[in-house]
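The primary structure of each chain is shown beneath.
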Amino acid sequence: MSKDLIQKGATEESPDETLFFSTSTHGALSIEELKKRNSFLEDIRRAIFNILEDVSDSEESLKKKSEELEKFQQAVDTSFDHVVIADPNGKILYANHAAELLTGYSRQEIVGNTPALWGRQMPTEFYETLWRTIKVEKNKYAGELTNKRKDGVKYLSSLRISPILDETGEVSFFVGIERDITEERQSQLKIVRHAAELERANTFIATEKERAESILRYLKSIGEGVFATDLEGRIIFVNETAELMTGKATEEAMLNHSYDLFPFIHKGHDGDEQLRM
């Protein structure tokens, strides 16, 4: 190793004057080269710093995403609706607890299988339309279908399926949500039947009312005196001829006892006197 040397490689008048620093006998570095190296090292330092920042941000972002995913899973697991996530071919990747309760199958039985495990109760055309909608057209599907639990009991289900697309627009997976609406539909059917029965009863009442009014119109118009009483003998109806016979209008006659207005009828019935007109 030799001593450091400072050497001028040209005269003071020369514009190409260059100052060399020698650290060994094997060569020398110019100030410009040192500046370039220093700049290069500074760029590397900054790049490493940026990478470390990105890694720190990525770790924080990953932590947040993990927390959000955990919250989502907790929400789905405690949902009252049956929720499953399936790959593009319908193979189930996830099922929540409600799916176990609704279908009767355990998660171990559901995951890796397809919804046909509790389905296959509808016509073939139904499933063809469903798959064409969500897989080919990549649209959401909503409808109702009949399924069958593990114990063989059939139930009516409300179904919603959403295809989740990747960045290229291809189906990444499906999210299916089902809800048992058997009791709801049965209640609705009862209401519909009850409404139909009420409608028939109202029609019958209207018909009978019209029939009774028609009879009353006839009785009011005939030339013979007619009156009607309740079980206790109080008058509830008199026609025009009966009004003329008693000299009392209908409003006056109503709720009077029949023997007060028509004593001659009762006397005739008792046999004491003959009915006189």
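Residues numbered from 1 in each chain as written. Predicted model: local features only at pLDDT ≥ 70, side-chain atom pairs only at ≥ 80, totals over all residues. Heavy atoms only, no water.

Caption draft 1: Focus on the side chain of N239. Tracing the backbone shows N239 in the loop between β10 (235-238) and α6 (240-246). At 2.9 Å, the side chain of N239 forms a polar contact with the backbone oxygen of L219. What N239 contacts, discounting residues up to four positions off in sequence, is L219, K220, I222, E224, G225 and V226. (Helix = DSSP H or I, 4+ residues; strand = E, 2+ residues; numbered from the N terminus. Polar contact = N/O pair within 3.5 Å; in protein donor to acceptor, adjacent residues only side chain to side chain. Contact = heavy atoms within 4.5 Å.)

Caption draft 2: Structural detail: the sheet that holds strand β5 (residues 92-95). Read from one edge of the open sheet, 5 strands run β5-β4-β8-β7-β6, paired in antiparallel fashion. Among the strands making up the open sheet, the edge pair consists of β5 and β6 (141-148). Shown here is a sheet whose adjacent strand axes are inclined to one another by a mean of 25 degrees, direction ignored. Across 3 bridges, strand β4 (residues 82-86) lies against β5 in antiparallel orientation. Along β5, the bridge assignment pairs V84 with A95. Where helix α4 (residues 124-136) meets the sheet, its contacts fall on β6, β7 (154-165) and β8 (171-180), and the angle it forms with β6 comes to roughly 140 degrees. (Pairing = 2+ DSSP bridges. Axes fitted to C-alpha atoms, helices over the stretch in contact; angles between N-to-C directions.)

Caption draft 3: Expanded view of the confidence of the model for the protein chain. Here the protein chain shows a mean pLDDT of 77. Residues at 70 or above account for 71%. Low confidence marks residues 1-27, where pLDDT is under 50. Its contacts with residues over four positions away, or in another chain, come to 27 contacts. When the criterion is pLDDT under 50, residues 268-277 qualifies, and its contacts beyond four places in sequence or with other chains add up to 9 contacts. (pLDDT = per-residue confidence, 0-100.)

Caption draft 4: Main features of the packing of aromatic side chains. For the coordinates displayed, the defined rule picks out 3 aromatic pairs. For the ring pair F126 and Y127, a centre distance of 5.3 Å and an interplane angle of 90 degrees mean the geometry is edge-to-face. On the basis of relative accessible area, F126 is assigned to the buried category, the value being 16%. Taken together through their ring pairs, the aromatic side chains of F126, Y127 and Y141 make up a single cluster. (Phe/Tyr/Trp six-rings, centres within 6.5 Å; stacked < 30°, edge-to-face > 60°. Buried < 20%, exposed > 50% of the residue type's maximum accessible area, 1.4 Å probe, protein only.)

Caption draft 5: Structural context of the pattern of salt bridges. Overall, the coordinates contain 10 salt bridges when judged by the stated rule. One salt bridge in this structure joins K138 and E170, with 3.6 Å as the shortest N-O distance. Taken together, the residues K138 in the loop between α4 and β6 and E170 in the loop between β7 and β8 connect sequence positions 32 residues apart. Given the relative accessible area of 29%, K138 is considered partly exposed. A relative accessible area of 43% means that E170 is categorised as partly exposed. Among the charged side chains, a salt-bridge network with shared partners connects E144, R179, E184 and R185. (Salt bridge = Lys/Arg side-chain N within 4 Å of Asp/Glu carboxyl O.)

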